[in-house]
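# Structure assessment
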Amino acid sequence: MAENWTTLRELLLPEAPKRGRAIESALREAIRDGRLQPGTRLPSSRDLAGQLGVARGTITAAYAQLVAEGYLLARHGSGTTVASIDPGGPDIGPSAAQPAWRIDLRTGIPALSAFPRAEWVSATRSALASLTDDELSYPDPAGFLGLRTELASYLGRVRAVAATPDQIIVTYGAADILRLTLEHLRMTGHTSIAVEDPCHPGEREMIASQGLEAVPVPVDDYGLRVSDLANTSSRAVFVTAAHQFPLGVVLHPERRHALLEWARSVDGVIIEDDYDAEHRYDRPALGALQALDPHRVIYQGSVSKVLSPALRLGWGVVSDRVHPAMVARKRLADMGCATLPQATLAWMLRSGGYDRHLRRSRSLYRKRRDALLEALAHKLPDWKPIGIAAGLHVVVRLPHGIDDRLLAQALAARGVNVAALTGYATKGTFPGLVVGYATLTPDRLRAAVTEFEAAARAA
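The present account deals with the structure reproduced in this document.

Rules used throughout
- Residues numbered from 1 in each chain as written.
- Predicted model: local features only at pLDDT ≥ 70, side-chain atom pairs only at ≥ 80, totals over all residues.
- Heavy atoms only, no water.
- Buried < 20%, exposed > 50% of the residue type's maximum accessible area, 1.4 Å probe, protein only.
- Helix = DSSP H or I, 4+ residues; strand = E, 2+ residues; numbered from the N terminus.
- Pairing = 2+ DSSP bridges.
- Right-handed = clockwise from strand over helix to strand, strands pointing away.
- Salt bridge = Lys/Arg side-chain N within 4 Å of Asp/Glu carboxyl O.

Further remarks concern the pairing of strand β8 (residues 236–239). Residues A236 and F238 of β8 are buried on one face, and the alternating residues V237 and V239, pointing to the opposite face, are buried as well. In this sheet, β8 lies alongside strand β5 (residues 192–197) in parallel orientation, the contact comprising two bridges. Across the sheet, residue A194 finds its bridge partner in β8, namely V237. Two elements, β8 and strand β9 (residues 269–273), share four bridges in a ladder whose sense is parallel. By the bridge assignment for β9, F238 is matched with I271. Traced from β8 through helix α10 (residues 253–265) to β9, the parallel crossover comes out right-handed.

Right under this line is the structure:
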């Protein structure tokens, strides 16, 4: 549609409305009807605010809302541009841009800005220089022996895991070892896997993708309720014993022993995801459950929460009787993981770089957690944080009468990304928010609590 215009004010807003919602609506309509074509670069918020005679914050808020809805794209260094949309509305297909949240409280993401880039580069150079020509050939599907050796030592020292290098499989993250484990269980006659309730939805999706049934078992203040597990027909269970996701509770010692007794009584298998065990702030973590029965517990971990999920490095510790079959499946699936990243991680473990990074990041995360807790105590004293002793998130229990899903939706409309606790449960749980704090500075976390307060007041 050809039009004579030189500024957005002439194109969109000839009457120059002063209200933010009117500006937002006018932009949305111009994108829908094609007056603003895909790829068009919009003025900076300062420039458009000057054109319209409004506060810059008004434009910033309008841009943020339209980015969240998929009408605009915002990329660092490239400004704000019009997204490609269907005539009936924004593109919500797989290629649509992810919302650019003003405050993103997702869980499971470490402080990526704190990734030890210089140390990783240095370790990569040292590792590459130390590799033999033969080690540059196709990798061992079980994993680079140097890394398996370092992992056996590290996990034994830090998590009391009982393992030799020959019992470890290096994988593309924790999801990869879980996939291998589920395939093995299905091939050996299992039809269902018990899971904690609430739990990460990805666990249930992964289990279903392998043709298995995910059987929910309630979690209380002491962890998985083993008595309820015994009432199911499952002979395998997935647990986050050190720091239950999302509630953050630790599996009580009595229940640890009860769980092991259950596994022995049904000839069962325990899959132990050592989620966030390395991020503890107030007291040392209990040793891994695997150490109490290495033959029945399959232990899994990764560097995704310590270093970065982009590395795609994880591992499983499995018994001698299971290891060959799972390695064979790994070989058929992808021929094994890339050697150089494994060698780099092995070098960092051996040189102490991994431990140094952990010490730095624990201090960073503790400060961020404390800032969040202090802000909650000051502004929302009736909102009760739980699971605060470890991890990269807290669950905030909401007062009676607040619907966490509606609150999360209201916060999303304000540009704040936070998950409702009830979205993680299949049989219901108390209302709460699952708040990831690792990626945000103390000031941004305090701003998030201010948004919580405003959204709750407006509800």
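So, next bit.
As for its position among the elements, D221 is in the loop between β6 (213–220) and β7 (223–224). C-alpha of D221 to C-alpha of R186: the two residues are 35 residues apart in sequence and 31 Å apart in space.

A few words on the pattern of salt bridges. Counted under the stated rule, the structure contains 23 salt bridges. Notably, a salt bridge pairs D166 with R148, separated by 3.9 Å at the nearest N-O pair. Of this pair, D166 sits in the loop between α6 (145–159) and β4 (168–171) while R148 sits in helix α6, and the two are 18 residues apart along the sequence. Given a relative accessible area of 5%, R148 falls into the buried group. Close ionic contact of R264 with E261 constitutes a salt bridge, the shortest N to O distance being 2.9 Å. One end of the pair is R264 and the other is E261, both in helix α10 and three residues apart, which spans about a single turn. For E261, a relative accessible area of 47% gives the class partly exposed.

Turning to the sheet that holds strand β16 (residues 432–436), a few remarks are in order. Ordered in space as β12-β13-β16-β15, the four strands form an open sheet in which the pairing is antiparallel. If you trace the sheet from one side to the other, it starts and ends with β12 (384–386) and β15 (419–420), each paired once. Pairing of strand β13 (residues 393–397) with β16 involves five bridges; the strand directions are antiparallel. The residue of β16 that forms the bridge with R397 is G432.

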